[in-house]
Amino acid sequence: MTYGKKDYIRKIRKLFPVYGKKERQFLRQLIDAMNNEMDETASYYDCRDRFGEPQEIIANYYESVSFDYIKQQICKRNIVRNTFIGIISVAVISFTAWRAYDYMEFVKNYQPPCPDCYYEIETYEIIE
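Residues numbered from 1 in each chain as written. Predicted model: local features only at pLDDT ≥ 70, side-chain atom pairs only at ≥ 80, totals over all residues. Heavy atoms only, no water.

As for a nonpolar patch on the surface
A cluster of nonpolar side chains, Phe84, Ile85, Ile88 and Val92, forms an exposed patch at the surface whose accessible area comes to about 390 Å². Its relative accessible area of 41% is what places isoleucine 88 among the partly exposed residues. (Patch = residues over 30% accessible without salt bridge, like charges linked within 9 Å, V, L, I, M, F, W, Y side chains within 5 Å. Areas by Shrake-Rupley, 256 points an atom, 1.4 Å probe, with all protein chains shown as cover. Salt bridge = Lys/Arg side-chain N within 4 Å of Asp/Glu carboxyl O. Buried < 20%, exposed > 50% of the residue type's maximum accessible area, 1.4 Å probe, protein only.)

The structure is reproduced here in structure tokens:
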């Protein structure tokens, strides 16, 4: 497959709001159709002229797919995204709490370098 064909397929894939099993099957069928109907040296513009704009292909695909499937896929994507955000949030909060506890233990157990040493501060008088 030439770069033009790959670029065409890549642009179509990026336009899918969700990418599941049916979308992969659709892309495989489109790739097979492209390989059967077009020669190996076809460019992006040849693919676009033969099959249409990527936006048109996605619109036609979603006209043929049921609304319930689209709704289910978007719901799954939202659940995965929200779970991932929750896990990352818990990890960040746990790490921050652990570092705060570690710092508090360090401050509590801090020993001065020389506990019996007293430092004298010399003062100077200014003579006018």
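Some thoughts on the packing of aromatic side chains
The final tally for this structure, using the stated rule, is 9 aromatic pairs. Ring plane angle 75° and centroid distance 6.2 Å describe the contact between phenylalanine 16 and tyrosine 62, whose orientation is recorded as edge-to-face. In this pair, phenylalanine 16 is assigned in the loop between helix H1 (3–15) and helix H2 (21–37) and tyrosine 62 in helix H4 (residues 54–64), connecting sequence segments 46 residues apart. Judged by its relative accessible area of 17%, tyrosine 62 falls in the buried class. Residue placement shows lysine 22 over the ring face of tyrosine 69; its charged tip is 4.4 Å from the ring centre. (Phe/Tyr/Trp six-rings, centres within 6.5 Å; stacked < 30°, edge-to-face > 60°. Helix = DSSP H or I, 4+ residues; strand = E, 2+ residues; numbered from the N terminus. Lys NZ or Arg CZ within 6 Å of the ring centre and 35° of its normal.)

A few points about the environment of lysine 6
With respect to the secondary-structure elements, lysine 6 resides in helix H1. Overall, lysine 6 belongs to the partly exposed group, its relative accessible area being 43%. Each C-alpha atom of the pair lysine 6 and tyrosine 44 lies 8.1 Å from the other, and the pair is 38 residues apart in sequence.

Looking at the side chain of glutamine 73
Mapped onto the fold, glutamine 73 is located in helix H5 (residues 67–108). For glutamine 73, the contacting residues outside a window of four places in its chain are Val18 and Gly20. (Contact = heavy atoms within 4.5 Å.)

Here's the deal with the packing of H1 against H2
Between two packed helices, what matters for the description is the angle formed by their axes and the separation of those axes. Close contact between H1 and H2 brings their axes to 11 Å; oriented N to C, the two are set at 155°. As summarised for this structure, H1 and H2 are arranged roughly antiparallel, according to the angle between their axes. Where H1 crosses over H2, the two elements pack in a sense that is right-handed. Where H1 approaches H2, its residues Lys5, Tyr8, Ile9, Ile12 and Arg13 are matched on the opposing element by Leu27, Leu30, Ile31, Met34 and Asn35. (Axes fitted to C-alpha atoms, helices over the stretch in contact; angles between N-to-C directions. Parallel < 35°, antiparallel > 145°, perpendicular 65-115°, else oblique. Left-handed = near helix turned anticlockwise from the far one by under 90°.)

By themselves, these are just geometric observations and shouldn't be taken as functional.
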